Every structure is written in C-alpha cells, then in structure tokens.
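# Observations on chain architecture
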Amino acid sequence: MDSLYRVDENIREKYFQELIISDTTSFKMVDQRILDHWVDESGYSFPSGHSFNAYLLATILAFSIYQDKRGNLRLLAFTPMLWAFLVALSRVAVGAHTALDVSVGAGMGLLFAFTLLRIKATRRLLIPKENEDRSPQIQED
C-alpha cells in the first residue's frame, strides 16, 4: 500500500476504481457518490492533516508540561514535539505526502496552537492551579 502513493495519480485512481468494482460485497451498501469521492481523493492532500493535528496537540502538551513546576517534568516538554516530528516524517516516509505538505501542515498546527495559547482562558485550563498560587504576586501601590 505504501508504494501505491509513489505512482502517478491516474494509476492510483484506476486502481481504486477497479478495487471498488471488483469487490461487490464490501462496497455493496455504500452510496455511489461516496465511492466516487473516494476515487477522486486518491491523490495527495495539501496540507497534511496528520501533521497539523500532531503539531497542534504536541505544542499544547509541551506548553502544559513546561508550565508544570511541581517537579522536573520540564525536561520532558520536548517529548510531544519529537512525537509530532516523527508523525510528520512518517507521512513522507510512507509516500502519503510530500515534505511541503507536512511542513505546511506542521506550520499551521504550530500557528493555531500559539494562537490558542494566547487566549487567557486556554492558558488557565492548561496551567495547574498550584503553579498560579506559587507565582510571584505583583503588588500595586
């Protein structure tokens, strides 16, 4: 299946059409419009949704881990980002996306995560209450 994405889009489209036509049992109850959509979507998708979601989640998790000052967990904040990088790398490795697809998806995920983290309500959900209590207080005169 990995090599399927390395061939021309027309060959992939023909492959899916033949697969659907030859397998009358599996696709019997699926609406023809859905089957046509599956065949049309046999090409690359831009940007990579896997990369977008991985980097979005990883950035928020890394932020949350880094903000937790209860122990030495801050050193583990890089772990979600490593996971996201491996997800993006795997999409290129299996041939489902190009490097540009995953790079743009990753960039969009990072941008969206940073936008969410700029919202005070989001940060309150991610930072443990104990950390807020121990943070230095600014006294006003």
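Above this text is the structure in question.
To start, this report covers the structure provided alongside it.

Criteria and cut-off values
- Residues numbered from 1 in each chain as written.
- Predicted model: local features only at pLDDT ≥ 70, side-chain atom pairs only at ≥ 80, totals over all residues.
- Heavy atoms only, no water.
- Helix = DSSP H or I, 4+ residues; strand = E, 2+ residues; numbered from the N terminus.
- Expected span 1.5 Å × (residues − 1).
- Buried < 20%, exposed > 50% of the residue type's maximum accessible area, 1.4 Å probe, protein only.
- Arc of directions from axis to C-beta.
- Contact = heavy atoms within 4.5 Å.
- Core = buried A, V, L, I, M, F, W, Y, C linked by side-chain atoms within 4.5 Å.

### Examining helix α5 (residues 99-117)
With 19 residues, α5 extends 27 Å between its outermost C-alpha atoms, agreeing within 8% with the 27 Å of an ideal straight helix rising 1.5 Å per residue. Taken together, the buried positions of α5 are occupied by Asp101, Val102, Gly105, Ala106, Gly109, Ala113 and Leu117. In an axial view of α5, the angular spread of the buried residues amounts to 125 degrees, which keeps them on one side of the axis. Seen from the open side of α5, the exposed residues pointing more than 90 degrees away from its buried face are Leu100 and Leu111. Here the buried face of α5 lies against α3 (49-67), α4 (78-93) and α6 (120-126).

### Structural notes on the nonpolar core
One finds Ala54, Tyr55, Ala58, Ala84, Val87, Ala88, Val102 and Ala106 forming the largest nonpolar core, which totals 8 residues. Put simply, the parts of the chain that give this core at least two residues each are α3, α4 and α5.

### Notes on α4
When the terminal C-alpha atoms of α4 are compared, their 22 Å separation across 16 residues agrees well with the 22 Å that a helix rising 1.5 Å per residue should span. Looking at the buried positions of α4, the neighbouring elements they touch are α3 and α5. Looking one or two places after α4, you find glycine 95, whose phi comes out positive at around 85 degrees.

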